[in-house]
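# Structure assessment
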Amino acid sequence: MTESQVIHVAGRVLAGRGAARDEGEVLDEIWVIDGRISLTPPASGRAVTTVRGYALPGLVDAHCHVGLGPEGAVDDATSEAQAATERDAGVLLLRDAGSPADTRWIDDRDDLPRIIRAGRHIARTRRYIRNYAHEVEPDQLAAYVRREARRGDGWVKLVGDWIDRERGDLAACWPAEALRAAIAAAHREGARVTAHCFAEESLRDLVEAGIDCVEHATGLTEDTIPLFAERGVAIVPTLVNIDTFPELAAGGERRYPDWAAHMRRLHRRRYATVGAAWDAGIPVFAGTDAGGSLPHGLIAREVVELTRAGLPPSAALSAATWAAREWLGRPALTEGAPADLVVYAADPRADLTELARPRAVLLRGRPVA
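Here's what I pulled together on the structure shown here. Remember, predicted model here, so these are calculated numbers, not experimental data.

### Section: the nonpolar core
If you look at the biggest cluster of nonpolar residues, it comprises 92 residues, and the most contacted ones within it are L141, L158, I211, F228 and L306. Not counting residues up to four positions away in its chain, the partners in contact with F228 are L203, V207, V214, L220, V233, I235 and I282. With 16 residues, the next largest nonpolar core counts V9, V32, L333 and L341 among its residues.

Quick look at the structure:
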(Lines give C-alpha, C1' and ligand atoms only; values in the text may rest on other atoms or scores of the structure.)
Protein backbone atom coordinates (compact mmCIF):
# COMPACT_ATOMS: atom_id res chain seq x y z
CA MET A 1 0.00 0.00 0.00
CA THR A 2 1.18 3.54 -0.74
CA GLU A 3 0.15 6.87 0.67
CA SER A 4 -1.97 7.56 -2.44
CA GLN A 5 -4.15 4.53 -1.69
CA VAL A 6 -7.11 4.77 0.62
CA ILE A 7 -7.23 2.61 3.74
CA HIS A 8 -10.61 1.84 5.25
CA VAL A 9 -10.33 1.10 8.98
CA ALA A 10 -13.45 -0.76 10.05
CA GLY A 11 -14.64 -2.38 13.26
CA ARG A 12 -14.34 -0.23 16.38
CA VAL A 13 -12.36 3.00 16.13
CA LEU A 14 -11.59 4.56 19.50
CA ALA A 15 -11.44 8.10 18.20
CA GLY A 16 -10.52 9.95 21.37
CA ARG A 17 -12.65 13.05 21.47
CA GLY A 18 -13.92 12.67 25.00
CA ALA A 19 -12.76 13.91 28.36
CA ALA A 20 -9.12 13.45 29.30
CA ARG A 21 -9.93 10.41 31.45
CA ASP A 22 -11.88 8.33 28.95
CA GLU A 23 -11.72 7.10 25.38
CA GLY A 24 -14.37 9.45 24.04
CA GLU A 25 -16.31 8.68 20.90
CA VAL A 26 -16.23 5.19 19.38
CA LEU A 27 -16.76 5.05 15.61
CA ASP A 28 -17.54 2.15 13.29
CA GLU A 29 -15.09 3.24 10.61
CA ILE A 30 -12.69 5.88 9.38
CA TRP A 31 -10.71 6.35 6.18
CA VAL A 32 -7.08 7.19 5.64
CA ILE A 33 -6.79 9.46 2.61
CA ASP A 34 -3.43 10.90 1.54
CA GLY A 35 -1.97 10.08 4.93
CA ARG A 36 -4.67 11.78 6.99
CA ILE A 37 -7.81 10.79 8.85
CA SER A 38 -11.16 11.31 7.15
CA LEU A 39 -14.51 10.65 8.75
CA THR A 40 -16.21 10.46 5.35
CA PRO A 41 -15.51 8.00 2.54
CA PRO A 42 -13.48 9.09 -0.48
CA ALA A 43 -14.85 9.80 -3.92
CA SER A 44 -15.34 6.70 -6.02
CA GLY A 45 -12.60 5.50 -8.30
CA ARG A 46 -9.77 5.17 -5.79
CA ALA A 47 -8.34 1.86 -4.69
CA VAL A 48 -9.37 0.99 -1.15
CA THR A 49 -7.75 -1.48 1.25
CA THR A 50 -9.71 -2.47 4.35
CA VAL A 51 -8.14 -3.16 7.74
CA ARG A 52 -10.47 -4.57 10.39
CA GLY A 53 -10.15 -4.61 14.16
CA TYR A 54 -9.97 -2.25 17.10
CA ALA A 55 -8.15 0.96 16.21
CA LEU A 56 -6.39 3.31 18.61
CA PRO A 57 -4.38 6.44 17.99
CA GLY A 58 -0.67 5.68 17.93
CA LEU A 59 0.49 4.92 21.45
CA VAL A 60 2.54 7.41 23.47
CA ASP A 61 5.60 6.76 25.61
CA ALA A 62 5.71 9.95 27.65
CA HIS A 63 9.14 9.23 29.14
CA CYS A 64 11.83 7.58 27.09
CA HIS A 65 15.34 8.34 25.81
CA VAL A 66 16.17 7.87 22.14
CA GLY A 67 19.88 8.24 21.52
CA LEU A 68 20.88 7.23 25.04
CA GLY A 69 22.67 4.11 26.25
CA PRO A 70 24.28 3.02 29.53
CA GLU A 71 27.45 5.00 28.79
CA GLY A 72 25.80 8.12 27.32
CA ALA A 73 25.06 9.06 23.71
CA VAL A 74 24.80 6.24 21.16
CA ASP A 75 25.39 6.26 17.42
CA ASP A 76 22.70 6.92 14.81
CA ALA A 77 22.23 3.23 13.99
CA THR A 78 21.43 2.48 17.63
CA SER A 79 19.09 5.47 17.85
CA GLU A 80 17.31 4.25 14.74
CA ALA A 81 16.90 0.79 16.21
CA GLN A 82 15.49 2.27 19.43
CA ALA A 83 12.93 4.33 17.53
CA ALA A 84 12.00 1.40 15.28
CA THR A 85 11.43 -0.83 18.31
CA GLU A 86 8.95 1.69 19.67
CA ARG A 87 7.24 1.97 16.29
CA ASP A 88 6.84 -1.79 15.98
CA ALA A 89 5.24 -1.83 19.44
CA GLY A 90 2.67 0.70 18.20
CA VAL A 91 4.30 3.68 19.93
CA LEU A 92 4.20 6.50 17.39
CA LEU A 93 4.75 9.51 19.67
CA LEU A 94 7.71 9.70 22.02
CA ARG A 95 8.45 12.31 24.67
CA ASP A 96 12.22 12.10 24.95
CA ALA A 97 12.93 13.09 28.54
CA GLY A 98 16.60 13.93 28.06
CA SER A 99 19.32 12.72 25.71
CA PRO A 100 22.86 13.89 24.91
CA ALA A 101 22.51 12.66 21.30
CA ASP A 102 21.31 14.77 18.39
CA THR A 103 18.34 12.87 17.00
CA ARG A 104 16.86 15.64 14.82
CA TRP A 105 17.55 13.58 11.72
CA ILE A 106 14.76 11.23 12.81
CA ASP A 107 12.26 14.00 12.02
CA ASP A 108 13.09 13.56 8.32
CA ARG A 109 12.21 9.87 8.38
CA ASP A 110 8.62 9.04 7.46
CA ASP A 111 9.04 5.52 8.84
CA LEU A 112 9.99 6.47 12.42
CA PRO A 113 7.91 7.89 15.27
CA ARG A 114 7.64 11.57 16.06
CA ILE A 115 9.77 12.72 19.00
CA ILE A 116 9.09 15.60 21.38
CA ARG A 117 12.48 16.39 22.90
CA ALA A 118 13.48 17.91 26.22
CA GLY A 119 17.07 18.51 25.15
CA ARG A 120 19.80 17.23 27.43
CA HIS A 121 19.33 16.59 31.16
CA ILE A 122 20.54 19.37 33.44
CA ALA A 123 22.05 18.05 36.68
CA ARG A 124 24.07 19.26 39.63
CA THR A 125 27.82 18.67 39.35
CA ARG A 126 28.67 15.00 40.05
CA ARG A 127 25.04 14.31 40.96
CA TYR A 128 23.86 12.16 38.07
CA ILE A 129 24.87 9.34 35.71
CA ARG A 130 28.16 10.07 34.00
CA ASN A 131 27.98 11.36 30.39
CA TYR A 132 24.21 11.91 30.52
CA ALA A 133 23.73 15.52 31.58
CA HIS A 134 25.01 19.04 31.59
CA GLU A 135 26.48 19.20 35.10
CA VAL A 136 26.24 22.73 36.50
CA GLU A 137 26.01 24.70 39.72
CA PRO A 138 22.89 26.61 40.88
CA ASP A 139 24.10 30.00 39.58
CA GLN A 140 24.31 28.46 36.08
CA LEU A 141 20.98 26.67 36.12
CA ALA A 142 18.79 29.36 34.55
CA ALA A 143 21.24 29.92 31.69
CA TYR A 144 21.37 26.22 30.86
CA VAL A 145 17.59 25.96 31.07
CA ARG A 146 17.24 28.78 28.54
CA ARG A 147 19.70 27.00 26.24
CA GLU A 148 17.91 23.66 26.37
CA ALA A 149 14.50 25.32 26.04
CA ARG A 150 15.65 26.76 22.72
CA ARG A 151 17.08 23.44 21.57
CA GLY A 152 14.18 21.24 22.65
CA ASP A 153 10.58 20.82 21.52
CA GLY A 154 8.84 22.69 24.30
CA TRP A 155 10.28 20.81 27.29
CA VAL A 156 13.31 21.05 29.59
CA LYS A 157 14.47 18.22 31.88
CA LEU A 158 16.06 18.83 35.30
CA VAL A 159 17.52 16.27 37.67
CA GLY A 160 15.69 17.21 40.84
CA ASP A 161 17.35 14.74 43.21
CA TRP A 162 20.09 12.14 43.22
CA ILE A 163 22.33 10.43 45.72
CA ASP A 164 24.46 12.79 47.82
CA ARG A 165 27.60 10.79 48.52
CA GLU A 166 28.41 12.72 51.69
CA ARG A 167 24.95 12.13 53.08
CA GLY A 168 24.76 8.61 51.71
CA ASP A 169 21.16 9.03 50.58
CA LEU A 170 18.97 10.74 48.04
CA ALA A 171 18.94 14.53 48.38
CA ALA A 172 17.57 17.54 46.53
CA CYS A 173 19.95 19.01 43.96
CA TRP A 174 18.87 22.66 43.78
CA PRO A 175 18.04 25.49 46.19
CA ALA A 176 14.55 26.90 45.88
CA GLU A 177 15.64 30.27 44.53
CA ALA A 178 17.62 28.66 41.70
CA LEU A 179 14.59 26.57 40.75
CA ARG A 180 12.30 29.59 40.67
CA ALA A 181 14.66 31.50 38.37
CA ALA A 182 15.24 28.51 36.08
CA ILE A 183 11.60 27.50 35.68
CA ALA A 184 10.60 31.11 35.08
CA ALA A 185 13.29 31.31 32.38
CA ALA A 186 11.91 28.19 30.67
CA HIS A 187 8.38 29.52 30.77
CA ARG A 188 9.51 32.78 29.18
CA GLU A 189 10.93 30.69 26.35
CA GLY A 190 7.57 28.93 25.96
CA ALA A 191 8.84 25.62 27.36
CA ARG A 192 7.49 23.40 30.09
CA VAL A 193 9.78 21.92 32.73
CA THR A 194 9.93 18.43 34.13
CA ALA A 195 12.25 16.89 36.69
CA HIS A 196 13.59 13.49 37.65
CA CYS A 197 12.64 12.92 41.30
CA PHE A 198 12.79 9.71 43.31
CA ALA A 199 12.64 11.03 46.88
CA GLU A 200 10.43 13.29 48.97
CA GLU A 201 12.71 16.23 49.70
CA SER A 202 12.73 18.18 46.43
CA LEU A 203 9.05 17.97 45.53
CA ARG A 204 7.60 20.94 47.38
CA ASP A 205 10.31 23.33 46.15
CA LEU A 206 9.80 22.18 42.57
CA VAL A 207 6.04 22.60 42.63
CA GLU A 208 6.18 25.97 44.37
CA ALA A 209 8.74 27.07 41.77
CA GLY A 210 6.21 26.32 39.01
CA ILE A 211 7.27 22.90 37.68
CA ASP A 212 4.91 21.42 35.08
CA CYS A 213 5.62 17.71 35.56
CA VAL A 214 7.62 15.31 37.72
CA GLU A 215 9.08 12.04 36.47
CA HIS A 216 8.90 8.93 38.68
CA ALA A 217 7.42 10.86 41.65
CA THR A 218 7.94 7.94 44.02
CA GLY A 219 8.46 10.41 46.88
CA LEU A 220 4.91 11.78 46.83
CA THR A 221 3.28 11.78 50.26
CA GLU A 222 0.02 12.88 51.85
CA ASP A 223 1.68 16.28 52.36
CA THR A 224 2.65 16.88 48.72
CA ILE A 225 -0.11 15.09 46.82
CA PRO A 226 -2.64 17.90 47.55
CA LEU A 227 -0.10 20.47 46.35
CA PHE A 228 0.41 18.63 43.06
CA ALA A 229 -3.35 18.32 42.61
CA GLU A 230 -3.97 21.99 43.38
CA ARG A 231 -1.32 23.15 40.89
CA GLY A 232 -2.19 20.57 38.22
CA VAL A 233 1.34 19.16 38.14
CA ALA A 234 1.42 15.94 36.13
CA ILE A 235 3.41 12.81 36.95
CA VAL A 236 4.88 10.09 34.74
CA PRO A 237 5.50 7.22 37.19
CA THR A 238 7.63 4.91 34.95
CA LEU A 239 6.63 1.91 37.05
CA VAL A 240 8.55 -0.55 34.88
CA ASN A 241 11.66 1.41 35.84
CA ILE A 242 10.72 1.66 39.52
CA ASP A 243 10.52 -2.14 39.50
CA THR A 244 14.33 -2.15 39.23
CA PHE A 245 14.80 -0.38 42.60
CA PRO A 246 15.45 -3.57 44.63
CA GLU A 247 18.19 -4.61 42.23
CA LEU A 248 19.75 -1.14 42.35
CA ALA A 249 19.56 -1.14 46.15
CA ALA A 250 21.28 -4.51 46.36
CA GLY A 251 24.09 -3.25 44.17
CA GLY A 252 24.75 -0.16 46.29
CA GLU A 253 23.85 -1.35 49.77
CA ARG A 254 27.37 -2.05 50.97
CA ARG A 255 28.55 1.49 50.24
CA TYR A 256 25.30 3.40 50.83
CA PRO A 257 23.02 1.45 53.19
CA ASP A 258 20.73 4.42 53.92
CA TRP A 259 20.19 5.03 50.22
CA ALA A 260 19.49 1.35 49.63
CA ALA A 261 16.91 1.24 52.42
CA HIS A 262 15.28 4.40 51.08
CA MET A 263 15.03 2.95 47.56
CA ARG A 264 13.40 -0.19 48.93
CA ARG A 265 10.83 1.86 50.86
CA LEU A 266 9.96 3.86 47.76
CA HIS A 267 9.60 0.64 45.80
CA ARG A 268 7.33 -1.02 48.37
CA ARG A 269 4.84 1.81 48.32
CA ARG A 270 5.02 2.58 44.57
CA TYR A 271 1.52 1.35 43.74
CA ALA A 272 -0.05 3.08 46.74
CA THR A 273 1.74 6.32 45.82
CA VAL A 274 0.51 6.36 42.22
CA GLY A 275 -2.99 5.29 43.25
CA ALA A 276 -3.24 8.07 45.80
CA ALA A 277 -2.04 10.59 43.20
CA TRP A 278 -4.68 9.41 40.73
CA ASP A 279 -7.43 9.48 43.37
CA ALA A 280 -6.46 13.07 44.21
CA GLY A 281 -6.91 14.15 40.58
CA ILE A 282 -3.24 14.44 39.61
CA PRO A 283 -2.77 13.87 35.86
CA VAL A 284 -0.93 10.57 35.32
CA PHE A 285 0.71 9.61 32.02
CA ALA A 286 2.40 6.42 30.83
CA GLY A 287 6.15 6.37 30.31
CA THR A 288 8.73 3.62 30.55
CA ASP A 289 12.14 5.33 30.95
CA ALA A 290 13.36 3.21 28.03
CA GLY A 291 16.89 3.98 26.91
CA GLY A 292 19.87 4.08 29.18
CA SER A 293 19.54 0.72 30.93
CA LEU A 294 15.98 -0.30 29.98
CA PRO A 295 15.01 -1.67 26.54
CA HIS A 296 12.53 0.13 24.33
CA GLY A 297 9.07 -1.16 23.47
CA LEU A 298 7.73 -1.60 27.02
CA ILE A 299 4.64 0.62 26.91
CA ALA A 300 2.16 -2.29 27.10
CA ARG A 301 3.77 -3.42 30.35
CA GLU A 302 3.63 0.11 31.76
CA VAL A 303 -0.09 0.45 31.04
CA VAL A 304 -0.77 -2.78 32.91
CA GLU A 305 1.40 -1.56 35.79
CA LEU A 306 -0.77 1.55 36.09
CA THR A 307 -3.82 -0.64 36.71
CA ARG A 308 -1.92 -2.41 39.50
CA ALA A 309 -1.54 1.03 41.05
CA GLY A 310 -5.32 1.46 41.01
CA LEU A 311 -6.05 3.29 37.76
CA PRO A 312 -9.14 1.96 36.00
CA PRO A 313 -8.21 0.13 32.77
CA SER A 314 -9.76 2.87 30.63
CA ALA A 315 -7.72 5.50 32.46
CA ALA A 316 -4.49 3.52 32.12
CA LEU A 317 -5.15 3.15 28.40
CA SER A 318 -5.91 6.86 28.09
CA ALA A 319 -2.62 7.66 29.83
CA ALA A 320 -0.85 6.14 26.81
CA THR A 321 -3.25 7.37 24.12
CA TRP A 322 -5.94 10.04 24.18
CA ALA A 323 -5.03 11.93 27.34
CA ALA A 324 -1.31 11.74 26.63
CA ARG A 325 -1.74 13.13 23.13
CA GLU A 326 -3.90 15.98 24.40
CA TRP A 327 -1.31 16.80 27.09
CA LEU A 328 1.49 16.85 24.53
CA GLY A 329 -0.52 18.89 22.03
CA ARG A 330 -0.91 16.15 19.41
CA PRO A 331 -4.20 14.95 17.88
CA ALA A 332 -5.83 11.57 18.23
CA LEU A 333 -8.04 10.09 15.48
CA THR A 334 -9.78 13.30 14.46
CA GLU A 335 -10.70 14.73 11.08
CA GLY A 336 -7.61 15.84 9.17
CA ALA A 337 -5.12 14.51 11.74
CA PRO A 338 -2.07 12.55 10.58
CA ALA A 339 -3.07 8.91 10.30
CA ASP A 340 -0.93 7.53 13.11
CA LEU A 341 -2.85 4.55 14.43
CA VAL A 342 -2.62 0.98 15.67
CA VAL A 343 -5.10 -1.81 14.96
CA TYR A 344 -5.65 -4.80 17.24
CA ALA A 345 -7.50 -8.06 16.69
CA ALA A 346 -9.23 -7.86 20.11
CA ASP A 347 -10.47 -5.01 22.25
CA PRO A 348 -7.60 -3.61 24.36
CA ARG A 349 -10.12 -2.03 26.73
CA ALA A 350 -11.18 -5.53 27.76
CA ASP A 351 -7.63 -6.90 27.98
CA LEU A 352 -4.79 -4.41 28.21
CA THR A 353 -2.23 -7.10 27.38
CA GLU A 354 -3.60 -6.87 23.84
CA LEU A 355 -1.52 -3.70 23.48
CA ALA A 356 1.55 -5.92 23.11
CA ARG A 357 0.03 -7.58 20.00
CA PRO A 358 -0.67 -4.96 17.32
CA ARG A 359 -2.20 -6.34 14.12
CA ALA A 360 -1.24 -3.32 12.01
CA VAL A 361 0.62 -0.05 12.58
CA LEU A 362 0.04 2.94 10.31
CA LEU A 363 2.43 5.88 10.54
CA ARG A 364 1.30 8.98 8.68
CA GLY A 365 -1.02 6.74 6.70
CA ARG A 366 1.58 4.14 5.69
CA PRO A 367 1.68 0.59 7.04
CA VAL A 368 5.02 0.22 8.82
CA ALA A 369 4.65 -2.86 11.01
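### Points about helix α7 (residues 245–252)
Among the residues of α7, those classed as buried are F245, A249 and G252. Each buried residue of α7 sits inside an arc of 75° when the element is viewed along its axis, so together they form one side. The exposed set on the far side of α7, more than 90 degrees from its buried face, consists of E247, A250 and G251. Its buried side turned inward, α7 meets α6 (239–242) and α8 (257–268).

### A word on the side chain of H262
As for its placement among the helices and strands, H262 is situated in helix α8. Exposure remark for H262: the relative accessible area of 7% places this residue in the buried category. Excluding anything up to four places from it in sequence, H262 contacts D169, L170, A199 and E200.

### Quick word on helix α2 (residues 141–151)
Taken together, the buried positions of α2 are occupied by L141, A142, V145, E148 and A149. Burial along α2 is one-sided: seen end-on, the buried residues are contained in an arc of 125°. Residues of α2 that are buried make contact with β10 (122–124), β11 (134–136), β12 (155–159) and α3 (176–188).

### So, the pattern of salt bridges
In this structure the tally under the stated criterion is 22 salt bridges. Of the charged contacts, one joins R349 and D347 as a salt bridge, the two residues approaching to 2.9 Å between their closest N and O atoms. Judged by its relative accessible area of 28%, R349 falls in the partly exposed class. We note a salt bridge from D351 to R357, for which the minimum N-O separation is 3.8 Å. Since its relative accessible area comes to 36%, D351 is described here as partly exposed. Residues joined in a network through salt bridges with shared partners are R104, D107, R117 and D153.

### Quick look at the sheet that holds strand β5 (residues 59–64)
Strand order in the open sheet formed by 3 strands is β5-β8-β9, with parallel pairing between adjacent strands. Across the chains shown, the open sheet's two edge strands, defined by having one partner strand only, are β5 and β9 (114–117). Each neighbouring strand pair of the sheet contributes to a mean axis angle of 20°, computed without reference to strand direction. Relative to strand β8 (residues 91–96), β5 runs parallel, the two sharing 4 bridges. When the sheet's bridge partners are listed, C64 is paired in β8 with D96. With respect to the sheet, helix α1 (residues 76–88) is in contact with β5 and β8, its orientation differing from that of β8 by roughly 130°.

Conventions and cut-offs
Residues numbered from 1 in each chain as written. Predicted model: local features only at pLDDT ≥ 70, side-chain atom pairs only at ≥ 80, totals over all residues. Heavy atoms only, no water. Core = buried A, V, L, I, M, F, W, Y, C linked by side-chain atoms within 4.5 Å. Buried < 20%, exposed > 50% of the residue type's maximum accessible area, 1.4 Å probe, protein only. Contact = heavy atoms within 4.5 Å. Helix = DSSP H or I, 4+ residues; strand = E, 2+ residues; numbered from the N terminus. Arc of directions from axis to C-beta. Salt bridge = Lys/Arg side-chain N within 4 Å of Asp/Glu carboxyl O. Pairing = 2+ DSSP bridges. Axes fitted to C-alpha atoms, helices over the stretch in contact; angles between N-to-C directions.

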